[in-house]
Each structure stands twice: as structure tokens, then as C-alpha cells.
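Breakdown of the fold
So you can see what is in the structure, the chains are spelled out below.
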Amino acid sequence: SSGINAEYGQTIQEAYDIPANFLEIDVTNPETHGIGNKRYTDYEVRLKTNLPIFRVQESSVRRRYSDFEWLRGELEKESKIIVPTLPGKALKRLLPFRGDDGIYEEEFIEERRQGIEGFINKIAGHPLAQNEKCLHMFLTEPMIDKNYLPGKVRPH
């Protein structure tokens, strides 16, 4: 019976509906490109949100680790937030003469994927970061324009 909830004007269905504000970012589908020392891995970064500050509710872009580093650097310069750290650079794994695939090992890629997914969700969930153009570009534009003009975003 929905007696108790009904007093508050809320149906059972509404109680289970999606909360008013949500923002989810998944970092998935790692792909390794190139050969030799030109190899790099990128990830799909998928955004789903209903926050009015974002002009799209869903987007999907591909980003590599250095793009996350770029975003972190921009936020440190432009915003007032204390930017969380990224999972460390893989120095040990870049050394030659290792018997495995180094930084392209699946286990390492999965570890890094989890780390950067946590990083981007922490940042994107911060109201002050949500005002920064660099975050919007990172999450929604196919290419990052490193010559962009930093600035604030207003809700649409």
C-alpha cells in the first residue's frame, strides 16, 4: 500500500524514478593503436547527464591518457578546485627489455581505465569544474582544441 508515501504527494513509482540530477561517465572500450614506440591506448568516454549546464545529455568521445593530463592541468590553472590526482605515469613499464607487453598489458590497461574513470567522475561531479569550458570540451567535443579560450560555461 502506498499510504505513507501518498501523504507526501509522492507515488511509489516516483520514489524509484531517476533522481532529479544525475551525471554518469563511463570510461570503456580501450583500443591500442600504432606500432613500436608510437603505440598508444585510447578509451571511450561516455557521458550521460540531465544537468542543465551541459548542452547535450549524452555524448561519446575517445581520449588517451595525455588528454586526461591536459584536462587536469587546465583545471589547476583555471578553476578554484583542488584537482584530484591521476593514476601514476607508467614509468616502470616503459623500460625496455621487459618480457611482457609493458604498458599495453590488459591488466595495466584495465587498472588505468578504473583510475581515470574515478578521476573524471570526481571532477565532473564538482559544481565549480562543471563551469569550466575545458571540461565541456573534454567530454563532448570529438577533438580537443588546445588553443581554446578558457572561460566559464553558463547553464542552457
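What counts, and where the lines are drawn
Residues numbered from 1 in each chain as written. Predicted model: local features only at pLDDT ≥ 70, side-chain atom pairs only at ≥ 80, totals over all residues. Heavy atoms only, no water. Buried < 20%, exposed > 50% of the residue type's maximum accessible area, 1.4 Å probe, protein only. Helix = DSSP H or I, 4+ residues; strand = E, 2+ residues; numbered from the N terminus. Pairing = 2+ DSSP bridges. Contact = heavy atoms within 4.5 Å. Expected span 1.5 Å × (residues − 1). Arc of directions from axis to C-beta. Axes fitted to C-alpha atoms, helices over the stretch in contact; angles between N-to-C directions. Phe/Tyr/Trp six-rings, centres within 6.5 Å; stacked < 30°, edge-to-face > 60°. Polar contact = N/O pair within 3.5 Å; in protein donor to acceptor, adjacent residues only side chain to side chain. Core = buried A, V, L, I, M, F, W, Y, C linked by side-chain atoms within 4.5 Å.

Take the pairing of strand 2 (residues 40-49) next. Here strand 2 lies mainly inside the structure; seven of its ten residues are buried. Pairing between strand 1 (residues 23-33) and strand 2: nine bridges, direction antiparallel. For valine 27, the partnering residue across the bridge sits in strand 2 and is valine 45. Taken together, strand 1 and the strand that follows it, strand 2, pair antiparallel across an intervening segment of six residues, in which glycine 34 is found at a positive phi of about 80°. Two elements, strand 2 and strand 3 (residues 58-64), share seven bridges in a ladder whose sense is antiparallel. Opposite aspartate 42, over in strand 3, you have arginine 64 as the bridge partner.

Our next topic: helix 6 (residues 133-140). Burial within helix 6 is extensive, with seven of its eight residues counted as buried. Restricting attention to buried positions, one finds in helix 6 the residues Cys134, Leu135, His136, Met137, Phe138, Leu139 and Thr140. Buried-residue contacts for helix 6 involve strand 1, strand 2, strand 3, helix 3 (65-78) and helix 5 (106-124).

So, on to helix 5. Helical periodicity: at 3.6 residues per turn, an α-helix aligns residues three or four positions apart in one direction. Taking 1.5 Å per residue as the helical rise, helix 5 with its 19 residues ought to reach 27 Å, and the 26 Å between its terminal C-alpha atoms agrees with that figure. Those residues of helix 5 that sit buried are Phe108, Ile109, Arg112, Arg113, Ile116, Phe119, Ile120, Ile123 and Ala124. The buried side chains of helix 5 occupy one side of the element, clustering within an arc of 135° when seen end-on. Seen from the buried face of helix 5, the exposed residues on the opposite side, beyond 90 degrees, are Glu107 and Lys122.

Once that is clear, we can look at the sheet that holds strand 3. One open sheet holds the three strands; their spatial order is 1-2-3, and the pairing between them is antiparallel. Whereas interior strands pair on both sides, the edge strands pair on one side only; in this sheet they are strand 1 and strand 3. If you compare each strand with its neighbour and ignore which way they point, the axes differ by 20° on average. Against the sheet, helix 3 makes contact with strand 1, strand 2 and strand 3, and its axis sits at roughly 105° relative to strand 3, the strand it touches most.

Our next topic: the packing of aromatic side chains. The full count for this structure, using the stated rule, is three aromatic pairs. When the ring of phenylalanine 68 is compared with that of phenylalanine 119, the centres are 6.4 Å apart and the planes differ by 65°; the resulting orientation is edge-to-face. Linking phenylalanine 68 in helix 3 with phenylalanine 119 in helix 5, this pair joins segments that are 51 residues apart in sequence. Taking relative accessible area as the criterion, phenylalanine 68 reaches 0% and is therefore assigned buried.

Turning our eyes to something else, we now look at the side chain of glutamate 74. Take glutamate 74: it is sitting in helix 3. Side-chain polar atoms of glutamate 74 contact the side chain of lysine 77, separated by 3.1 Å. Aside from chain neighbours lying at most four places away, what touches glutamate 74 is Ser79, Cys134 and Tyr148.

Here glutamate 106 lies in helix 5. Separated by 76 residues in sequence, glutamate 106 and proline 30 have C-alpha atoms that sit 9.4 Å apart.

Our focus in this paragraph is the nonpolar core. Side chains of a nonpolar character, in soluble globular proteins, are inclined to be buried together. Among the nonpolar cores identified, the biggest contains 33 residues, and Phe68, Ile120, Leu135 and Leu139 are the most heavily contacted of them. Those elements that place two or more of their residues in this core are strand 1, strand 2, helix 3, helix 5 and helix 6.

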